[in-house]
Amino acid sequence: MTKTRLLIVEDDEDIRTQMKWALGADYEVLTAGDRAGALTAFTADRPSVTLLDLGLPPRPNEPDEGLAVLSAILSLDPLAKVIVVSGQGEKQNALRAVGAGAYDFLCKPVDMDELTLVLHRCVYLAELEQEYRAMQAGAQAGVFEDMLGASPQMQAVFDFIRKVAPTNAPALILGESGTGKEMVAQAIHRRSTQSGGPFVAINCNAIPENLLECELFGHEKGAFTGAQTQRKGHIESAAGGTLFLDEIGELPAQVQVKLLRFLQEKCFQRVGGRQEIASDARVITATNKNLQEYTASGKFREDLYFRLAVMVVKVPALRERGDDVLLVAKAFLQGYGAEHGKPGLTFAPDAMRALSVYRWPGNVRELQNRVRRAVIMADGKRVSARDLELADAVGELPTQTLKEAREAVEREMVQEALRRHRGKITSAAVELGISRPTLYELMEKLGIGREG
Ligand SMILES: Nc1ncnc2c1ncn2[C@@H]1O[C@H](COP(=O)(O)OP(=O)(O)OP(=O)(O)O)[C@@H](O)[C@H]1O
Ligand SMILES: [Mg+2]
């Protein structure tokens, strides 16, 4: 744990030393004796809390200098936390300071117990505010734990992760393939209390049914022909961390029973073993299937379903995320562009339209693949719908946007008028029924010279 930074502004050296000594165990204490020193320290080190003596040199018996420091700090950071300290019988000044934005005040001689209490509350509030600000900044930029998404749909997913991660409850992640379910699981892990432990991901569909039980629970030596040594399973390796089971709907019946027991009792037996082995691995599961249908048809145990689905989140399909498609596409374009030595690539208007109207059955993974390919295929700086292999997607749409159509008409009329008037701006503008400056602006916007 890093200590909270505290700035003490006090002109009396004895008091300063005394406080530093008393608070040094709990805080990283910085000190200053006058206005200049205080502002230098505040700017350089941004302490969470400032303890400010109102009476500072050159006039230690007046509050002016202290109030000036207060207002300078607050103009540097309107949310800065400043506790003012004033002389006995100067409560008026202290109240003035609170009116001007100080968090609280104390009277000299300062009672250490009172100071500790006030500081404690103040630091708590400052940290909450900082966390909130960081969260807001992240939300605005549309990035959360490496996941991009500014849409309300994705913000809801991020909110789920924030709330569920620290609880260590099992979580079930639903969503079409390629929507980012594994990324969500990783984010939950990183924000959990077991983030220091391993994250073990298993795709239940990728392992043959007869091997899955051994993979998950491990086996003893001689458990079956060919089991020459004892082997640990993934549940054991994920102890202290998270076990992520993808495509959970495909779990064979006998493995479902064993997993249920593990969730209930936090222990299990290796295949061919009797010994109870404990593991505190948190279980996160995911599926792109309708698990409730699976339980109705008996393919998936209902009791297991309820154990896994304590907290459920649905990751929306990419086509349901509004402008996130463009946000994510641009980020990929930048990333792959840099990777392939083609910086500064942009999407042509037809590509932007294709990205927006296409249905994205493969979701973010498909977008990733199409952009990666387009970066390689693109000639010049513009990536077209064809580079994305989405020319068909825009094929059925009107070939021009309203803006493009308007510009085409404008271009034709301006060129024609200029030609007729041999480049004479004044007469061309009169014919077009617009002012000269407007005609100049149009010519510049459309890239047309005097000769048309
Ligand atoms: N919001 C996002 N921002 C940036 N990249 C993303 C986002 N969501 C997913 N990706 C990327 O898309 C790819 C697919 O993500 P992931 O493997 O998490 O999806 P999934 O839902 O688990 O897929 P599947 O159903 O195929 O298992 C990964 O390369 C991941 O990095
Ligand atoms: Mg996956």
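Residues numbered from 1 in each chain as written. Chains lettered and ligands numbered in written order. Predicted model: local features only at pLDDT ≥ 70, side-chain atom pairs only at ≥ 80, totals over all residues. Heavy atoms only, no water.

A.B. asks: Sorry if this is basic, but what is going on with the overall build of the chain here?
C.D. replies: Broken down by element type, the chain carries 19 helices and 18 strands. In terms of C-alpha radius of gyration, the chain reaches 33 Å, well past the compact-globule figure of 22 Å for 452 residues. When each of the 452 residues of the chain is scored for burial, the buried share is 44%. Counted over contacts in the chain with a minimum sequence separation of 6, partners at least 24 positions apart contribute 65%. Carbon and sulfur atoms make up 52% of the accessible area of the chain, which totals about 23900 Å². (Helix = DSSP H or I, 4+ residues; strand = E, 2+ residues; numbered from the N terminus. Rg over C-alpha atoms; globule rule 2.2 N^0.38 Å. Buried < 20%, exposed > 50% of the residue type's maximum accessible area, 1.4 Å probe, protein only. Contact = heavy atoms within 4.5 Å. Areas by Shrake-Rupley, 256 points an atom, 1.4 Å probe, with all protein chains shown as cover.)

A.B. asks: Looking at this structure, how should I read the site of ligand 1?
C.D. replies: Taken together, the neighbourhood of ligand 1 is formed by 14 residues, with Leu148, Gly178, Lys181, Arg365 and Gln368 sitting nearest. Leu148 is positioned such that a nitrogen or oxygen atom in its backbone is 2.9 Å from a nitrogen atom of ligand 1. Contacts to ligand 1 include Thr179, whose backbone N or O atom sits 3.3 Å from an oxygen atom. The protein chains hide 84% of the 630 Å² of surface that ligand 1 would expose on its own. Of all elements in the fold, only strand 7 (147-148), helix 7 (181-190) and helix 15 (363-377) reach the threshold of two or more residues within the shell around ligand 1. For the shell around ligand 1, a count of residues per class yields five nonpolar, five polar and four charged. Counting only domains with at least three residues in the shell around ligand 1, you end up with domain 2 (147-314) and domain 3 (320-395). (Near = heavy atom within 4 Å. Polar contact = N/O pair within 3.5 Å; in protein donor to acceptor, adjacent residues only side chain to side chain. Nonpolar A, V, L, I, M, F, W, Y, C, P; charged D, E, K, R; others polar. Domains from an automatic or database assignment.)

A.B. asks: For this particular structure, what's the right way to read the side chain of Glu250?
C.D. replies: Within the secondary structure layout, Glu250 lies in the loop between strand 12 (242-246) and helix 10 (253-265). Residue class for Glu250 comes out buried when judged on its relative accessible area of 18%. Residue contacts for Glu250: discarding those within four places in its chain leaves Asn205, Lys289, Tyr294 and Lys299.

A.B. asks: How do you make sense of the environment of His219 when you look at a structure like this?
C.D. replies: Positionally, His219 belongs in strand 10 (residues 218-219). Taking the C-alpha atoms as reference points, His219 and Lys232, separated by 13 residues in sequence, lie 6.7 Å from one another. Other than its neighbours up to four places away in sequence, His219 contacts Cys214, Phe224, Ala227, Thr229, Gln230, Arg231, Arg270 and Val271. Engagement of the side chain of His219 in a polar contact is seen with the backbone oxygen of Thr229, the distance being 3.5 Å.

A.B. asks: Explanation requested: helix 4 (residues 91-99) in the structure shown.
C.D. replies: Since the α-helix packs 3.6 residues into each turn, any two residues three or four apart lie on the same face. Residues of helix 4 that are buried: Asn93, Ala94 and Ala97. Projected onto a plane normal to the axis of helix 4, the buried residues spread over an arc of 100° and lie on a single side. For helix 4, the exposed residues lying more than 90 degrees away from the buried face are Gln92, Arg96 and Gly99. On the buried face of helix 4, the contacting elements are helix 3 (64-76), strand 4 (81-86) and strand 5 (104-107). (Arc of directions from axis to C-beta.)

A.B. asks: I tried to follow the sheet that holds strand 9 (residues 199-203) on my own but got confused; where do I start?
C.D. replies: Across a sheet, paired strands are connected by hydrogen bonds in the backbone, their directions being either parallel or antiparallel. Read from one edge to the other, the open sheet built from five strands follows the order 9-12-15-8-16, with strand pairing classed as parallel. Where the open sheet ends on each side, the last strands, each with one partner, are strand 9 and strand 16 (311-314). On average, each strand axis in the sheet is tilted by 20° relative to the strand beside it, whichever way the strands run. Looking at chain direction, strand 8 (residues 171-174) and strand 16 are connected through four bridges and run parallel. Paired with Ile173 across the strands is Val313, a residue of strand 16. (Pairing = 2+ DSSP bridges. Axes fitted to C-alpha atoms, helices over the stretch in contact; angles between N-to-C directions.)

A.B. asks: When you look at the packing of aromatic side chains in this model, what are you seeing that I'm missing?
C.D. replies: Two numbers describe a pair of aromatic rings. These are the distance of the centres and the angle of the planes. Evaluated as defined, the whole model comprises seven aromatic pairs. Ring centres of Tyr305 and Phe306 lie 5.4 Å apart, and the angle between their planes is 70°; this geometry places the pair in the edge-to-face category. Relative accessible area serves as the criterion here: at 10%, Tyr305 is assigned to the buried category. By relative accessible area, Phe306 is classed as exposed at 52%. Ring pairs connect the aromatic residues Phe217, Phe262 and Phe268, which therefore count as one cluster. Positioned above the aromatic ring of Phe217, the side-chain terminus of Lys258 is 4.8 Å from the ring centre. (Phe/Tyr/Trp six-rings, centres within 6.5 Å; stacked < 30°, edge-to-face > 60°. Lys NZ or Arg CZ within 6 Å of the ring centre and 35° of its normal.)

A.B. asks: I tried to follow the sheet that holds strand 2 (residues 27-32) on my own but got confused; where do I start?
C.D. replies: Pairing in this open sheet of five strands is parallel, and the strands run 2-1-3-4-5 from one edge to the other. In this open sheet, the two strands that pair with only one neighbour each are strand 2 and strand 5. Going from strand to strand, the sheet's axes swing by 20° on average, the running direction of each strand aside. Direction of pairing for strand 3 (residues 49-53) relative to strand 4: parallel, over a ladder of five bridges. Following the sheet pairing, Leu52 is matched in strand 4 by Val84.

In short, geometric facts, not functional conclusions.
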